[in-house]
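# Notes for the structure review
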Amino acid sequence: MLIQALTGNHNRQGFDCGRAELNDWLARIASQHQHKGLSKTFVAVPDVAPADILAYYALTLTEVDTRALPDAYAKRLPRIIPGVRLGRLAVARHHQGKRLGELLLMDAMQRVRAIREHAGAVGLFVDALDAQAAGFYVRYGAVAFLDTPLKLFLPVC
Ligand SMILES: CC(C)(COP(=O)(O)OP(=O)(O)OC[C@H]1O[C@@H](n2cnc3c(N)ncnc32)[C@H](O)[C@@H]1OP(=O)(O)O)[C@@H](O)C(=O)NCCC(=O)NCCS
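Here goes a summary of the coordinates provided. For every chain, the first residue of the written sequence is number 1, and numbering continues from 1 along that sequence. Local features in a predicted model are, by the rule used here, given only for residues with pLDDT of at least 70; side-chain atom pairs are given and counted only at 80 or more, and totals for whole chains, interfaces and linings are based on all residues. Only hydrogens and water are set aside; all other atoms, that is, all heavy atoms of the structure, feed into the side-chain values.

This part takes up the site of the ligand. If even one non-hydrogen atom of a residue comes within 4 Å of a molecule or strand, that residue is called near it. Contacts to the ligand come from 23 residues, most closely from Val91, Arg99, Gly101, Gln132 and Arg139. Measuring from an oxygen atom of the ligand, one finds a backbone N or O atom of Val91 at 2.7 Å. Throughout this description, a polar contact denotes any pair of N or O atoms lying within 3.5 Å of each other; where both atoms belong to protein, one of them has to be capable of donating a hydrogen while the other can accept it, and for residues adjacent in sequence the pair is counted only when both atoms sit in side chains. Between the ligand and Glu102, the relevant distance is 2.9 Å, taken from an oxygen atom to a main-chain nitrogen or oxygen of the residue. Using the Shrake-Rupley algorithm and a 1.4 Å probe, accessible areas are obtained, with residue cover drawn only from the displayed protein chains. Here the ligand loses 74% of its free accessible area of 910 Å² to cover by the protein chains. Its atoms largely coinciding with the cavity grid, the ligand occupies the largest pocket. For the shell around the ligand, the secondary structure elements donating two or more residues are β4 (80-91), α3 (100-119) and α4 (131-138). A run of H or I in DSSP counts as a helix once it spans at least four residues, and a run of E counts as a strand once it spans at least two, with each numbered from the N terminus. It is α4 that provides the largest number of residues to the shell around the ligand, a total of 5 residues. Following the grouping adopted for this structure description, the nonpolar residues are Ala, Val, Leu, Ile, Met, Phe, Trp, Tyr, Cys and Pro, the charged ones are Asp, Glu, Lys and Arg, and the polar ones are all others, Gly among them. In terms of residue class, the shell around the ligand is made up of 12 nonpolar, 5 polar and 6 charged. Two kinds of site are reported from a 1 Å grid over the protein atoms alone, namely cavities, where a 1.4 Å probe fits but cannot get out, and pockets, open sets with protein on both sides within 12 Å along at least five of seven lines, and residues are called lining when an atom falls within 4 Å of a point. Those molecules having more than half of their atoms within 2 Å of a cavity or pocket grid point set are described as sitting in that cavity or pocket.

Our focus in this paragraph is helix α1 (residues 20-35). Each α-helix winds once per 3.6 residues, and so residues spaced three or four apart point in a common direction. By definition here, a helix of n residues has an expected span of 1.5 Å times n minus one. Its 16 residues give α1 an end-to-end C-alpha distance of 23 Å, which sits within 8% of 22 Å, the value for a rise of 1.5 Å per residue. Think of it this way: the bend at a residue is just the angle between two axes, each fitted to seven residues, one set ending at that residue and the other starting at it. Where α1 bends most, at Ile29, the angle is about 50°. Relative accessibility thresholds used throughout: buried, under 20% of the residue-type maximum; exposed, over 50%; partly exposed, between the two (1.4 Å probe, protein chains only). Along α1, the positions that sit buried rather than exposed are Leu22, Asn23, Trp25, Leu26, Ala27, Ala30, Ser31 and Gln34. The contact rule is simple, with two residues in contact once any of their heavy atoms fall within 4.5 Å. Each element contacted by the buried residues of α1 is listed here: β2 (40-45), β3 (55-65) and β4. After α1 finishes, the residue Gly37 shows a positive phi value of roughly 75°.

In summary, the pairing rule links any two rings of Phe, Tyr or Trp, Trp by its six-membered ring, whose centres are within 6.5 Å, and it sorts them by plane angle into stacked for under 30 degrees, edge-to-face for over 60 and tilted for everything else. Under the counting rule described, the total for this entry stands at 8 aromatic pairs. Pairing Tyr73 with Phe153 gives two aromatic rings, centres 5.1 Å apart and planes at 80°, and the pair type is edge-to-face. Separated by 80 residues along the polypeptide, Tyr73 in helix α2 (residues 71-74) and Phe153 in strand β7 (residues 151-155) bring together distant segments of the chain. Like Phe153, Tyr73 is buried.

Take a look at the structure:
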């Protein structure tokens, strides 16, 4: 298993996580956004078949208003804080439940730590697709925004 930045050598059309919006974004948008510097996509591939995408996630930089966060964070941080946004994370249907989601989330957090070293970032901000997806991030310590439960914050620690 390798985790690498998305390139033209990866088979973006063959990916199916069971959610059309996540499949379509990878197939049609991810590369364009990467070329324009709008987001960066990372894929997990088997080392024996490196064109096959088993899972992916995409990161962008973001700023967040701390008034939307629980008091424990809002009280000790300025009003606007920098972070990294996990816009999308998806695992191919036949590979779900094999800890690939966990592996990619941990990989994303490593990149947040690297960005924090160079530019500052308080953590990872996630836009979950629905309540079920939000449950995955909560399992790893993410806290929901007060007014938008599908927006979550995973502090760097
Ligand atoms: C949600 C998703 C990313 C999880 O990835 P995965 O590889 O299937 O999950 P993992 O095998 O890494 O699971 C690790 C742990 O999280 C738990 N988990 C997985 N999905 C969960 C969910 N929706 N809610 C709560 N816990 C969840 C697993 O049970 C496992 O827990 P355990 O340690 O007690 O066994 C994946 O199933 C997926 O891509 N689903 C479709 C697309 C989607 O909804 N993406 C999220 C968009 S924001």
